[in-house]
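Chain and residue survey
Read off the chains here:
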Amino acid sequence: MTKATRTLSGASQKKFFRDLFGSIDGLSRETTAALSAACESQIAQVRVRLPALERGKKRAPEAVGESARTTARPESATEDQQSSGQTFDPFAFSVVVAVTKEGREGLAKRLLEIPSAGDLRALAKAQHVALPAGELTDGELRDAIIEGALQRIANRKAAAS
């Protein structure tokens, strides 16, 4: 028998709130962000029904909107993002999960969707992916994130043995 509910906290809870409020028709991005922020700051843990989680996964990305990829990080936001209230969410997807399930090419595709080097660095930092020191081009940065994710997986396997 499978569980009918799931407990969420931390980044998964934040993503759930963003996706939930983003899926409601008629809510502006600002309202969605405000509701998500209020819930994130006041609720430490939430238990959700699994069909609610599945609805969020099956919903088309355009229906959820850009709010599913937003957090408060204005220092790396572009002018266009700042004017619309959007910023990059370094937890929109897990690089380790992406490289595990989709392979190197799948992660590379996802990283190509991130145009800013600052956002790529924020993603690596937030997800504890080691990057080489020094200036890197966007392509080198993406390659380094892929290698870092693969190294994290190798480290986990080595620690488990």
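Structural notes, computed from the coordinates.

Thresholds applied
Residues numbered from 1 in each chain as written. Predicted model: local features only at pLDDT ≥ 70, side-chain atom pairs only at ≥ 80, totals over all residues. Heavy atoms only, no water. Core = buried A, V, L, I, M, F, W, Y, C linked by side-chain atoms within 4.5 Å. Buried < 20%, exposed > 50% of the residue type's maximum accessible area, 1.4 Å probe, protein only. Helix = DSSP H or I, 4+ residues; strand = E, 2+ residues; numbered from the N terminus. Expected span 1.5 Å × (residues − 1). Contact = heavy atoms within 4.5 Å. Axes fitted to C-alpha atoms, helices over the stretch in contact; angles between N-to-C directions. Parallel < 35°, antiparallel > 145°, perpendicular 65-115°, else oblique. Left-handed = near helix turned anticlockwise from the far one by under 90°. Nonpolar A, V, L, I, M, F, W, Y, C, P; charged D, E, K, R; others polar. Salt bridge = Lys/Arg side-chain N within 4 Å of Asp/Glu carboxyl O.

Residues Phe 93, Val 95, Leu 107, Leu 111, Ile 114, Leu 123 and Ile 145 are the most contacted members of the largest nonpolar core, which totals 20 residues. Looking at this core, the elements that each hand over two or more residues are α6 (95-112), α7 (117-126) and α8 (138-160). Core analysis: the next-biggest nonpolar cluster, separate from the first, contains 7 residues, Leu 8, Phe 16, Cys 39 and Val 48 among them.

Let us look at unusual backbone geometry. Of note in this structure, His 128 is not a glycine but carries a positive phi near 55°. Summarising the element assignment, His 128 is placed in the loop between α7 and α8. A relative accessible area of 63% means that His 128 is categorised as exposed.

It is worth spelling out α8 at this point. With 23 residues, α8 ought to run about 33 Å at 1.5 Å a step, and its terminal C-alpha atoms sit 33 Å apart, in line with that. Looking at α8, one finds that the buried residues are Leu 141, Arg 142, Ala 144, Ile 145, Ile 146, Gly 148, Ala 149 and Ile 153. Elements that come into contact with the buried residues of α8 comprise α6 and α7.

Following both chains from N to C, one finds α7 and α8 inclined at 15°, their axes separated by 10 Å at the closest point. With respect to each other, α7 and α8 are oriented roughly parallel. Read as a crossing pair, α7 and α8 show a hand that is left-handed. For the pair α7 and α8, the contacting residues are Ala 117, Leu 120, Arg 121, Leu 123 and Ala 124 in the first and Asp 138, Leu 141, Arg 142 and Ile 145 in the second. Residue composition of the contact of α7 with α8, grouped by class: 6 nonpolar, no polar and 3 charged.

Let's shift gears to the pattern of salt bridges. Between side chains of opposite charge, a pair can form when the charged atoms approach closely. On inspection of all chains with the given rule, the structure shows 4 salt bridges. Linking Arg 110 and Glu 102 is a salt bridge whose minimum nitrogen-to-oxygen distance equals 3.3 Å. Of the residues examined, Glu 102 reaches a relative accessible area of 37% and is grouped as partly exposed. Two residues, Glu 147 and Arg 104, come together in a salt bridge whose shortest N-O distance is 2.6 Å. Taken together, the positions of Glu 147 in helix α8 and Arg 104 in helix α6 put the pair 43 residues apart, joining distant regions of the chain. Classification of Arg 104 as partly exposed rests on a relative accessible area of 38%.

With that settled, the discussion passes to the packing of α6 against α8. Interaxial distance between α6 and α8 falls to 10 Å at its minimum, and their mutual angle equals 175°. Accordingly, the angle class assigned to the pair α6 and α8 is roughly antiparallel. Contact with α6, carried on its side by Val 95, Val 96, Val 99, Thr 100, Arg 104, Leu 107, Ala 108, Leu 111 and Leu 112, involves Arg 142, Ile 145, Ile 146, Glu 147, Ala 149, Leu 150, Arg 152, Ile 153 and Arg 156 of α8 and no other residues of that element. Grouping the amino acids of the contact of α6 with α8 by side-chain chemistry returns 12 nonpolar, 1 polar and 5 charged.

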